[in-house]
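What follows is each chain in one-letter form.
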Amino acid sequence: KYSRDCKISKTFIDWMRTNNDPRLMIVSGGTGNPDVPATWDVTPANQKGMPNGYTSANISSVLTPAEATAYAANGNRIFSMLNLKYLDWEDPYALITYAEVELMAAEAAVLTWLPVGTAESHFNAGVTAAINSWTAFDASFAVAPATITSYISSRGFAAATDENKKRLIGEEYWAATWLNDIESWSNWRRTNYPTLTPTNDPNRWEANQIPRRLKYWENEISSNPVNYKSAIDRMGGDNLMTKVWWDGGN
């Protein structure tokens with residue numbers, strides 16, 4: 001089992017709540033003690049993500065007075081936990097999904113690179129597949145087709161400008177790659193979407209920015225010094241904020 005007391009980011013919970021995403025109570029198992037189902041609050045409107053970048057010593061500074069009081073009494077169990085139904089070791093792990101392929105096809109169509117299909121048709125197929133993919137973890141995660149159609153319509157893709165189409169695709173790709181964090185991070189670096197706010201950690205390594213790459217391992221540096229130096233000279237340094245060649249970020 002994974003840790004049963006992991007929390008979901010406020011960034012993601014707020015995005016799902018704002019957009020009435022039908023995946024909210026698939027991703028979230030509710031608030032409360034994960035070992036005591038009687039304490040779980042699974043009301044969608046009551047889901048609360050944990051603010052990023054804070055510790056138990058300073059998180060109260062970004063909570064409302066009522067939240068701070070609840071936090072003092074119950075700790076991080078006031079925040080939404082991962083849904084326990086997708087935390088079994090026997091559950092699948094997808095390296096790349098049909099949803100991702102369709103969303104990438106939608107982006108290619110917006111950029112006029114794709115001669116077959118429309119950006120809207122690929123976007124709709126990608127979002128539909130992303131929502132339906134959850135049934136691979138548990139049959140109870142099935143979402144009614146009408147609910148999916150309503151959600152897609154509410155995103156306003158058809159009437160959006162090309163830039164907003166790219167934003168919507170980036171956001172939905174981010175949601176579709178939940179549990180595949182390296183893919184979410186990579187696509188965010190490539191596209192700039194979704195718009196994310198860095199944390200403000202006083203113990204930061206380089207800057208209060210989201211890292212653009214990982215540093216080389218020490219054994220690579222020591223065992224391959226000539227090629228390591230050649231690589232970092234071309235890249236501009238072996239730093240977390242050094243962009244890789246395909247990084248289109250700001």
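Here, the structure is the one placed above.
Below: a short report on this structure.

The rules behind each value
- Counting of residues starts from 1 at the beginning of each chain's written sequence and follows it residue by residue.
- Whole-chain, interface and lining totals are the exception, using all residues; otherwise, since this is a predicted model, local features are given only for residues with pLDDT of at least 70 and side-chain atom pairs are given and counted only at 80 or more.
- Hydrogens are left out, water is left out, and the side-chain values use all remaining heavy atoms of the structure.
- By nonpolar core we mean a set of buried residues, namely Ala, Val, Leu, Ile, Met, Phe, Trp, Tyr and Cys, connected to one another through side-chain atoms within 4.5 Å.
- Three exposure classes are used, based on accessible area relative to the maximum for each residue type with a 1.4 Å probe and protein chains only: buried under 20%, partly exposed in between, and exposed over 50%.
- Helix and strand assignments follow DSSP, with helices taken as H or I runs no shorter than four residues and strands as E runs no shorter than two, numbered in order from the N terminus.
- The contact criterion used is simple: two residues touch if any of their non-hydrogen atoms lie within 4.5 Å.
- We call two N or O atoms a polar contact when they sit within 3.5 Å, provided that within protein one can donate a hydrogen and the other can accept it, with sequence-adjacent residues counted only if both atoms are side-chain atoms.
- By arc we mean the arc of the directions from the helix axis to the C-beta atoms, nothing more.
- Between N-to-C directions, angles span 0 to 180 degrees; the directions come from axes that are lines fitted to C-alpha atoms, helices contributing only their stretch in contact.
- Angles are sorted into four bins: roughly parallel if under 35 degrees, roughly antiparallel if over 145, roughly perpendicular if 65 to 115, and oblique for all others.
- Working rule for handedness: look at the near helix, and if it is turned counterclockwise from the far one by less than a right angle, call the crossing left-handed; if clockwise, right-handed.

1. What to know about the nonpolar core
Core analysis: the biggest nonpolar cluster contains 38 residues, and Phe12, Tyr86 and Phe123 have the highest contact counts within it. Mapped onto this core, the elements with two or more residues apiece are α1 (10-18), α2 (24-27), α4 (98-110), α5 (119-132), α6 (145-154) and α7 (162-176). Excluding residues within four positions of it along the chain, phenylalanine 12 makes contact with Val27, Trp174, Ala175 and Trp178. Within the second largest apolar cluster, 5 residues are counted, among which are Leu63, Tyr71, Ile78 and Phe79.

2. Quick notes on unusual backbone geometry
Here the residue pair tyrosine 193 and proline 194 is connected by a cis peptide bond, since its omega of 0° sits within 30 degrees of zero. Looking at where proline 194 falls in the secondary structure, it is placed in the loop between α8 (181-191) and α9 (218-223). Phi angles above zero are rare outside glycine, and asparagine 20 is one such case at about 50°. Structurally, asparagine 20 can be placed in the loop between α1 and α2. With a phi close to 80°, asparagine 192 is a non-glycine residue in the positive phi region. In this fold, asparagine 192 is placed in the loop between α8 and α9. Assessed through its relative accessible area of 22%, asparagine 192 is described here as partly exposed.

3. Some thoughts on the side chain of glutamate 107
Looking at the element boundaries, glutamate 107 is found in helix α4. Classification of glutamate 107 as buried rests on a relative accessible area of 13%. Setting aside its immediate chain neighbours within four residues, glutamate 107 contacts Ile169, Arg190 and Thr191.

4. Observations concerning the side chain of threonine 177
Here threonine 177 lies in the loop between α7 and α8. By relative accessible area, threonine 177 is classed as buried at 1%. Polar side-chain contacts of threonine 177 include one of 2.6 Å to the side chain of serine 184. In contact with threonine 177, not counting residues within four places along its chain, are Glu100, Glu183 and Ser184.

5. A few points about α1
Turning to α1, its buried residues number three or more, namely Phe12, Ile13, Trp15 and Met16. Buried residues in α1, looked at end-on, bunch into an arc of 160°, giving them a common side. On its buried side, α1 packs onto α2, β1 (28-30), α6 and α7. Capping of α1 at its N-terminal end is provided by serine 9; its side-chain oxygen lies 3.0 Å from the backbone amide nitrogen of threonine 11. Phi turns positive, to about 50°, at asparagine 20, one or two residues after α1.

6. Observations regarding the packing of α5 against α7
Contact geometry of α5 with α7 gives a least axis separation of 10 Å together with a crossing angle of 20°. Judged by the angle between their axes, α5 and α7 are roughly parallel. Our pair here, α5 against α7, has a crossing hand that is left-handed. Contacts from Phe123, Val127 and Ala130 in α5 reach Leu168, Ile169, Glu172 and Ala176 in α7.

7. A word on the environment of tryptophan 134
With respect to the helices and strands, tryptophan 134 occurs in the loop between α5 and α6. Taking the relative accessible area as the measure of exposure, tryptophan 134 reaches 5% and is therefore buried. In sequence terms tryptophan 134 and isoleucine 152 are 18 residues apart; their C-alpha atoms lie 17 Å from each other. If we ignore the near neighbours within four places in the chain, the residues touching tryptophan 134 are Arg23, Ile26, Val27, Tyr86, Phe141, Trp178 and Leu179.

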